[in-house]
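Descriptive structure summary
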Protein chains: 2
Amino acid sequence: MAARVLGLGQCCWDRIGLVRDWPGVDSKTELLRLVEQGGGPVATALVVLARLGISVQFCGRIGCDTEGRLISDDLQAEGVDCSLLQRDARGRSQTAMIIAEQGRGRRNVFWQRRQGDGIQVDERVETAIASAEILLLDDLDAEAALAAARIARAAGTLTVLDGGSLRPHSRELLPLIDHLVVSERFARQWLPGAEPEAALMDLARSGGQVTVTLGERGCLSLVEGQPVRVPAFPVDAVDTTGCGDVFHAGYVYGLLQEWPLVKILEFASACAALKARGPGGRFAPRRIDEVFDFLARHAPDDTWSHAED
Amino acid sequence: MAARVLGLGQCCWDRIGLVRDWPGVDSKTELLRLVEQGGGPVATALVVLARLGISVQFCGRIGCDTEGRLISDDLQAEGVDCSLLQRDARGRSQTAMIIAEQGRGRRNVFWQRRQGDGIQVDERVETAIASAEILLLDDLDAEAALAAARIARAAGTLTVLDGGSLRPHSRELLPLIDHLVVSERFARQWLPGAEPEAALMDLARSGGQVTVTLGERGCLSLVEGQPVRVPAFPVDAVDTTGCGDVFHAGYVYGLLQEWPLVKILEFASACAALKARGPGGRFAPRRIDEVFDFLARHAPDDTWSHAED
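Description of the structure in this document. (Residues numbered from 1 in each chain as written. Chains lettered and ligands numbered in written order. Predicted model: local features only at pLDDT ≥ 70, side-chain atom pairs only at ≥ 80, totals over all residues. Heavy atoms only, no water.)

**Description of the pattern of salt bridges**
Considering all chains together, one arrives at 41 salt bridges over all chains under this definition. Between E78(B) and R51(B) there is a salt bridge, with its nearest N and O atoms 2.8 Å apart. In this pair, E78(B) sits in the loop between α2 (66-77) and β7 (86-88) while R51(B) sits in helix α1 (residues 41-51), placing the two residues 27 residues apart along the sequence. One exposure class covers both E78(B) and R51(B), and it is buried. Its salt-bridge partner being R106(B), residue E101(B) comes within 2.5 Å of it at the nearest N-O pair. Here the salt bridges do not stand alone but share partners, grouping R61(A), D88(A), R114(A) and D117(A) into one network. (Salt bridge = Lys/Arg side-chain N within 4 Å of Asp/Glu carboxyl O. Helix = DSSP H or I, 4+ residues; strand = E, 2+ residues; numbered from the N terminus. Buried < 20%, exposed > 50% of the residue type's maximum accessible area, 1.4 Å probe, protein only.)

Given below as C-alpha cells:
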C-alpha cells in the first residue's frame, strides 16, 4: 500500500548531551543526561507523523557504518517505511553531537556531513512520489529535491518544503512548492535587512502558501493576503532541537485533515511545544491524543476542547 | 607472564569533534573532523606504554553497552592485557563528547559518568599488582585506588598516581604513593592561593617524588629538594585532550628505564608534545622511535641525539 506521505531528505544520528549551563572554553562538564536519537528534518517529521497514525515512507541516504544501522533500525522501529532508504557502500552517515542547556532551550549543534553520493531519484522513487498524497522535502540535497518536486508537480502530489537556510537552488525550487514552511533564518536571508513579514509577502509571490517559524515567538503566515502571527505555546523548554521538524510534521498532519490554515498552525505549534519539553529532536509527541490533550488544555479558544472525539 | 605495569582506573569512550573556533551559544557548527577513541587517564597511559613496547595490564570497569565493547576491543587491539577488565551487566560505560578547537589546543569535554559498581580489587587483581613492577593509578575510584595502593606498598610494587583533582580520599592515598604526578588544578586545590612551587614542596612531605604538570608551561618537580621547571616543547597544538595521560605514560616508561628524573620528565614532555599535534587522547606517540626522533630534533641538549642506539 502506498504511503500517504513520502519524505525525501536528510537523516542523521544525534547524540544529545544535556548541561545545566553552557560552559566557558577549555572546561570539563558532567552531562546531566546523554540521549541518542535519529535526526534530520524530514526523517524526524516522518517519525512524528507515523506516531500520529499516518502511513509514511522515507527516501534518504546513509553510510554502511554504525550510525547508518542505528538510523535505519530506529526509523523502522518507529513505523517508517524504509524500503527507499539508500546505502553508500563506502560512505559515511551524517552524525551530530548536540549540547543543550536544560531549562533554557538553547543548544549548540556540532555536525558531521554525510559522505557519499546524492539521493538517487530513480523509477521506484518516482512511483512512490506519484502515489503519495504529500511529498515532504528538505532542501539539503538540491538535485534530488528539484527532481522530486518536478515529479510531484507533474503527478499532482502536494509538495511541502522545510526551508532551513536559503541555498543557491532555493529560487529554482520554490515555484514547485505548494506549502513553504521556512525558518526565520531563511526569511532573513531571502530579504536581507527586512522583517519576516516583508519576506513572507515576497516569498508568497512564488505561488505557494508560505509560513515563517519564529521559535518561541510562534509563526507567521498569510491569511487572505495578510500576515497573521500564531503565537507559540509557552513551555519550560528543555531542548529546542527538532522543534522545527516536529512543527512540519504537525503542519503535514493538518493538511491531510484538510483543516483551515490557522487550525493547522495551532496544531503544528502544539507539536513543537510538546517536543521542546524534552531532549532530542524526537522527544515528542508520541501519540495523537497527546497533542489533542495539550491543545484542549492550552489553546486560547475552545476549538480543540473535544477535538479527539 | 606478568605485565610490567598494571594500571587501575577509569576507561571511557570519547567522541572528539574538531572545530575551527569555539562557537557562541545556540549555533550550528560543521565539524572539521570527528574522531572516536578510547580514553581515561590510566587506560590511555597504558595504550601508549604498550606502543612503546612495555607489557601492560588494565584493571577497570565497563558496562555491557556499545561503548563498553568499543573500549574493550580498542584496548585489546592496542596490546593491553584486558583479562582484569570488569563488566557491569546492567551498568553504563563512561563516555565523553569533546569539542576541540583545531590549532589552539583548547577543548571542552562533556562527559557522562559510568553507572555501576566500583572496581573490585579481588585476589586476581592482588596477584597482578604484586607481580607488576609499577602500579599506575588514577584517583577516580577512591576505594579501589586505596586498596590497590596498600597491596602495592606491602608487595614492594612501585606506585605512580595521576592526580587530576584533589578528592576527599587524596590525603589518605598520598602516603602510599612513590611517584605523584599531579595537574596544576590538583596543586592549586592542595594549597589554595599558593603558587604551584609551594604546593609542590608541601606535597613532597607525603614522602613521594612529586611533579606538577603545567600544560604548555611544562612541569615542575623537586630535584635535591629544590623546585625545577622542565619546559614543554613548543608545538602547534591541535587538541590537548589526553596530554596529561600521555605524559604519565612517558613518566612510567622513564621509571622503567631507571633514568634520572630530569631525563624522565623530558621524555614525558616529548610524549605529551607529540600527542598535542593531533586529535583525541591517543593520537600519539605510536612508536618508541617517534619519541626519540622528536627528542633528538627538539631537546635543548644532545642527551637524546643518539638515544635510540
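**Overview of the pairing of strand β10 (residues 134-138) of chain B**
All names here are of chain B. Of all 5 residues making up β10, 5 are buried, and the element is well covered by its neighbours. Side chains of β10 alternate between two faces, with I134, L136 and D138 and L135 and L137 buried alike. For strand β1 (residues 5-8) and β10, the ladder comprises 4 bridges, and the chain directions are parallel. Along β10, the bridge assignment pairs V5 with I134. Across 5 bridges, the pairing between β10 and strand β11 (residues 158-163) is parallel. Paired with L135 across the strands is T159, a residue of β11. (Pairing = 2+ DSSP bridges.)

**Details of the interface of chain A and chain B**
Contacts between the two partners involve 32 residues from chain A and, on the opposite side, 32 residues from chain B. Summed over both partners, the interface of chain A with chain B buries about 2,900 Å², with 57% contributed by carbon and sulfur atoms. The interface formed by chain A and chain B holds 4 salt bridges in total. Note that R113(B) and E30(A) form a salt bridge whose closest N and O atoms lie 2.7 Å from each other. At the boundary of chain A and chain B, one finds 20 residue pairs in polar contact (both at pLDDT 80 or more). In terms of residue count, strand β9 (residues 107-112) of chain A provides more of the side of chain A that touches chain B than any other element does, 6 residues in total. Split into classes, the residues belonging to the side of chain A that touches chain B amount to 13 nonpolar, 8 polar and 11 charged. The pairing of strand β3 (residues 28-30) of chain A with strand β9 (residues 107-112) of chain B spans 3 bridges and is parallel. Following the sheet pairing, E30(A) is matched in β9(B) by W111(B). (Contact = heavy atoms within 4.5 Å. Buried area = accessible area lost by both parts, 1.4 Å probe. Polar contact = N/O pair within 3.5 Å; in protein donor to acceptor, adjacent residues only side chain to side chain. Nonpolar A, V, L, I, M, F, W, Y, C, P; charged D, E, K, R; others polar.)

**Regarding the relation of the copies chain A and chain B**
Superposing chain A onto chain B takes a rotation of 180° combined with a translation of 0.0 Å along the rotation axis, leaving an RMSD of 0.0 Å. Both copies of the chain, as the preceding transformation shows, are related through a two-fold rotation axis. For chain A, the minimum C-alpha distance to the rotation axis belongs to M97(A) and amounts to 3.6 Å. Mapped onto chain B, 100% of the interface residues of chain A again fall at the interface, so both copies present the same surface. (Least-squares fit on C-alpha atoms with pLDDT ≥ 70 in both.)

**A closer look at the packing of aromatic side chains**
Residues and elements named next belong to chain A. For the coordinates displayed, the defined rule picks out 23 aromatic pairs over all chains. Between F186 and W190 the ring centres are 6.3 Å apart and the planes differ by 10°, which places this aromatic pair in the stacked class. Note that F186 and W190 are positioned in helix α6 (residues 184-190) at a spacing of 4 residues, about one turn of the helix. For the pair F186 and W190, one class covers both residues: buried. (Phe/Tyr/Trp six-rings, centres within 6.5 Å; stacked < 30°, edge-to-face > 60°.)

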